[in-house]
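Read off the chains here:
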Amino acid sequence: MVLWNFTCPGPERVSWIAASLQTAHAHERGAAFARTLRTWASSFIADRHWLPIEARGVGCKKSLLSDEVLRDAIVAHLESIGKYVRALDIVEFLAEPLVQEAFSLNKTVALSTAQSWMHELGYRWAKVPSGQFVDGHERIDVVNYRQKIFLP
């Protein structure tokens, strides 16, 4: 946008600084951001393959699940619950003071994070089928009934 403001055809030609200030103002930023824009634009003009790299969030992209001990503890907790587990079970497990102390956690994770973790751990959301017919003709009690009582 800085380059567009600088090269925009019109009756008035704008200076390099004025173009960067207009762009910074359009992004609701100040003069310091305008200087940064001029640096980025100059670097881009010098090398068309150079683009600025976003530094925010770098270093915090590591998931807590990469810790094998914590992953194993979560899986063990979910297995101890039984057949029907929820993402909320992970949130509640990580909210326990003993767990937070053991893994140096300050707070629990969000429900959406727990849902992503369950997917990563191999859990899938499914409806339990109801009213399904189960053929039990090979069960021992059924076989005994057929052979001794029903067809003696």
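Definitions and limits used
Residues numbered from 1 in each chain as written. Predicted model: local features only at pLDDT ≥ 70, side-chain atom pairs only at ≥ 80, totals over all residues. Heavy atoms only, no water. Salt bridge = Lys/Arg side-chain N within 4 Å of Asp/Glu carboxyl O. Helix = DSSP H or I, 4+ residues; strand = E, 2+ residues; numbered from the N terminus. Buried < 20%, exposed > 50% of the residue type's maximum accessible area, 1.4 Å probe, protein only. Axes fitted to C-alpha atoms, helices over the stretch in contact; angles between N-to-C directions. Parallel < 35°, antiparallel > 145°, perpendicular 65-115°, else oblique. Left-handed = near helix turned anticlockwise from the far one by under 90°. Contact = heavy atoms within 4.5 Å.

Trainee: Before we go on, may I ask you to explain the pattern of salt bridges in this structure?
Mentor: Close approach of charged atoms allows side chains with opposite charge to pair. Scanning all chains against the criterion turns up four salt bridges. With its nearest N and O atoms 3.2 Å apart, the salt bridge here joins Arg71 to Glu120. Residue Arg71 is found in helix 4 (residues 68-81), and its partner Glu120 is found in helix 7 (residues 111-120); the two are separated by 49 residues along the sequence. You can call Glu120 partly exposed: its relative accessible area is 47%. Between Asp89 and Arg86 there is a salt bridge, with the nearest N and O atoms lying 3.0 Å from each other. Given the relative accessible area of 8%, Asp89 is considered buried.

Trainee: Just to check I follow, could you spell out the environment of His119 for this structure?
Mentor: Note on placement: His119 falls in helix 7. Overall, His119 belongs to the partly exposed group, its relative accessible area being 48%. Separated by 32 residues in sequence, His119 and Ala87 place their C-alpha atoms 9.7 Å apart.

Trainee: Help me out: how do you make sense of the packing of helix 4 against helix 5 (residues 87-95) in this one?
Mentor: When two helices pack together, their arrangement is given by the angle between their axes and by how far apart the axes lie. For the pair helix 4 and helix 5, interaxial distance at closest approach is 10 Å and the crossing angle is 120°. With respect to each other, helix 4 and helix 5 are oriented oblique. Between helix 4 and helix 5 the crossing geometry is right-handed. For the pair formed by helix 4 and helix 5, the contact residues are Leu70, Ala73, Ile74, His77, Leu78 and Ile81 on the first element and Asp89, Ile90, Phe93 and Leu94 on the second.

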